[in-house]
Amino acid sequence: MPVTPPIRLARRRDSRPVARLSRDLVEHGLRWRYDPRAIRGAIANPSMNVVVAGEGDAVTGFGIMEYGDTAAHLVLLGVCPEHRGCGLGRRLVTWLERPALVAGIRRVRVEVRADNPGGLAFYAALGYRQRARVAGYYEGRLDALQLDKALGVATSPR
């Protein structure tokens, strides 16, 4: 199993590898929406964080989160198949959730392709729960499951 690489904020030069991973891992079979230009826009957007995992110029995983006033939206998440199962996806999501908690945001939402049982199991293990099924969410032909997670739920002291 590979060693999990460090996570850092994406830079402009990361836009191409992130876009390729999005196309190949997330958007496969769909129109390529998150091309390098869209990824550069996300990197420049002050209400978003784009993070990458990797050594040097190699990107083995990435995540994009948009932060609103009361909720955050996990826009994209992808991990190369050879780096799955070692906790990298969990680390990326945790990294992106942390600023939401600091900002007082208490809910994160994400859409997952209904034909992605591995992704659904991954998010369930992180505490995300299904909220709704949206028929034809992806280009009018693939369903999505909308998931959400409550952040910073206080527990009673013992």
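Numbers given for residues are sequential positions, taken from 1 along each chain in its written order. Per-residue local features of the predicted model are confined to residues with pLDDT of at least 70, and side-chain atom pairs are confined, for both listing and counting, to 80 or more; whole-chain, interface and lining totals are unaffected and use all residues. Side-chain measures here rest on the full set of heavy atoms in the structure, leaving out hydrogens and waters.

> I'd love a proper account of the pattern of salt bridges, names of residues and values included.
By salt bridge we mean one thing: a side-chain nitrogen of Lys or Arg within 4 Å of a carboxyl oxygen of Asp or Glu. Inspection of every chain in the model, using the stated rule, returns 9 salt bridges. Here Asp148 ties to Arg107 by a salt bridge, and the two come within 3.5 Å at their closest N and O atoms. Of the two residues, Asp148 is situated in strand 7 (residues 142-150) and Arg107 in strand 5 (residues 107-113); the sequence distance between them amounts to 41 residues. What counts as a helix is a DSSP run of H or I of at least four residues, what counts as a strand is a run of E of at least two, and both are numbered from the N terminus.

> Would you mind going over the packing of aromatic side chains in detail, with residue names and values included?
Only Phe, Tyr and Trp rings are paired, with Trp represented by its six-membered ring, and only when their centres lie within 6.5 Å; those with planes under 30 degrees apart are stacked, over 60 edge-to-face, the remainder tilted. By the definition in use, this model includes 3 aromatic pairs. Ring geometry for Tyr137 and Tyr138: centres 4.8 Å apart, planes at 85 degrees, overall edge-to-face. Note on classification: 1.4 Å probe, protein chains only; a residue is buried when its accessible area is under 20% of the maximum for its type, exposed when over 50%, partly exposed between these limits. Taking relative accessible area as the criterion, Tyr137 reaches 36% and is therefore assigned partly exposed. Of the aromatic side chains, those joined through ring pairs into one cluster are Phe122, Tyr123 and Tyr128. In this arrangement the basic side chain of Arg23 is found over the ring face of Trp32, its NZ or CZ atom lying 5.0 Å from the centre. By the criterion adopted, a ring carries a charge over it if an Arg CZ or a Lys NZ lies within 6 Å of its centre and within 35 degrees of its normal.

> A description of the pairing of strand 4 (residues 72-79) should follow, citing residues and the corresponding values.
Most of strand 4 sits inside the fold, with 8 of its 8 residues counted as buried. At least two bridges found by DSSP between two strands is the condition for calling them paired. Counting the residues that bridge the hairpin from strand 3 (residues 61-67) to strand 4 gives 4 residues. Sheet topology note: the strand 4/strand 5 ladder contains 2 bridges and is parallel. Looking across to strand 5, one finds that His73 is bridged to Arg109. Taken together, strand 4, helix 3 (residues 88-102) and strand 5 form a β-α-β motif whose crossover is right-handed. We call a crossover right-handed when, viewed with the strands running away from us, the connection from the first strand over the helix to the second turns clockwise.

> Tell me about the packing of helix 1 (residues 15-26) against helix 2 (residues 36-44), and please be specific about residues and values.
Relative to each other, helix 1 and helix 2 sit at 115 degrees, their axes nearing to 8 Å. In the crossing of helix 1 with helix 2, the sense of the turn from one axis to the other is right-handed. Here Ser15, Arg16, Val18 and Ala19 of helix 1 lie close against helix 2, whose contacting residues are Pro36, Ile39, Arg40 and Ile43. For helices, the fitted line uses only the C-alpha atoms of the stretch in contact; every axis is such a line through C-alpha atoms, and the angle between N-to-C directions lies from 0 to 180 degrees. Definitions for this section: a left-handed crossing has its near helix turned counterclockwise from the far helix by less than a right angle. A right-handed crossing has that turn clockwise. Any two residues whose heavy atoms approach within 4.5 Å at even a single point are treated as in contact.

> Give a detailed account of the nonpolar core, specifying residues and quantitative values.
In plain words, nonpolar cores are sets of buried Ala, Val, Leu, Ile, Met, Phe, Trp, Tyr and Cys residues tied together by side-chain atoms within 4.5 Å. Grouped together as the largest cluster of nonpolar side chains are 25 residues, with contacts concentrated most on Leu74, Leu92, Tyr123 and Tyr128. For this core, the secondary-structure elements that each account for two or more residues are strand 2 (48-53), strand 3, strand 4, helix 3, strand 5 and strand 7. Among the elements that take part in this core, helix 3 stands out by supplying 5 residues, more than any other. Excluding residues within four positions of it along the chain, Tyr128 makes contact with Val93, Glu97, Val108, Val110, Tyr123, Leu147, Asp148 and Lys149. Ala10, Met48, Val50 and Val52 belong to the second largest nonpolar core, which has 15 residues in total.

Any functional reading would require information that these geometric values do not contain.
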